[in-house]
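# Examination of the molecular architecture
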Amino acid sequence: MEQPRTRRREKQNLRIWLKMLSSTGKVEKHVRSRLREDFETTLPRFDVLAELYRRPNGVTMGELSSMLMVSNGNLTGLANRLQQDGLILKAPMPTDKRTHLLYITREGKSRFEEMAKEHETWVGEFFKNFKDEELAQLLTLLSKIEYAADMGGIEETDDEL
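A short tour of the structure in this document, coming up. (Residues numbered from 1 in each chain as written. Predicted model: local features only at pLDDT ≥ 70, side-chain atom pairs only at ≥ 80, totals over all residues. Heavy atoms only, no water.)

## Considering the sheet that holds strand β2 (residues 88-93)
Read from one edge to the other, the open sheet built from three strands follows the order β1-β3-β2, with strand pairing classed as antiparallel. Taken across any chain shown, the strands that pair with only one partner, and hence form the sheet edges, are β1 (59-60) and β2. Where β1 and strand β3 (residues 96-104) come together, two bridges link them in antiparallel fashion. Across the sheet, the residue bridging to Val59 is Leu102, located in β3. Running over the sheet, helix α2 (residues 43-54) touches β1, β2 and β3 and is turned about 95 degrees from β3. Across the sheet, helix α4 (residues 72-84) is in contact with β2 and β3; its angle to β2 comes to roughly 115 degrees. (Pairing = 2+ DSSP bridges. Helix = DSSP H or I, 4+ residues; strand = E, 2+ residues; numbered from the N terminus. Contact = heavy atoms within 4.5 Å. Axes fitted to C-alpha atoms, helices over the stretch in contact; angles between N-to-C directions.)

## Looking at the packing of aromatic side chains
Tallying each qualifying case throughout the model produces four aromatic pairs. With a centroid separation of 5.3 Å and 40 degrees between ring planes, the pair formed by Phe46 and Phe112 is classed as tilted. Linking Phe46 in helix α2 with Phe112 in helix α5 (residues 106-127), this pair joins segments that are 66 residues apart in sequence. The buried category is assigned to Phe46, whose relative accessible area is 6%. Taken together, a centroid distance of 5.8 Å and an interplanar angle of 50 degrees make the contact between Phe127 and Phe130 tilted. Given a relative accessible area of 33%, Phe127 falls into the partly exposed group. (Phe/Tyr/Trp six-rings, centres within 6.5 Å; stacked < 30°, edge-to-face > 60°. Buried < 20%, exposed > 50% of the residue type's maximum accessible area, 1.4 Å probe, protein only.)

Printed below as a string of structure tokens:
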């Protein structure tokens, strides 16, 4: 027979999971909307520029798709459009002409920096009513969740219930 305490914990875990999904979804929806309204762009375009901005020496399509957790097929069209818009450059890799490196252009850097500044403000709006200690605690707790996900889950002990 299942112990009531364990069942309560399972229900609580599901409520937390659903609350995390809901919260993340609402923040993402807001950011997507603001990117569209203020910059006439999309979150995937912003994400590609962000990754390339951090890597001025370029990355391959495979590396970028892995970083963004999307398929190469999804990334190819997006990269082509960003290149057409002059925001990124695709160049053959010197050691393997079949592989292309992606770089952010000067125009792409400038555009990204403008968007990133606003993005930081938008995200900050969601956390403005938190105390510093609460933000630190939230970051610690989210790091524990991330670690558990990386490890495939954390084995519980009786004192954790």
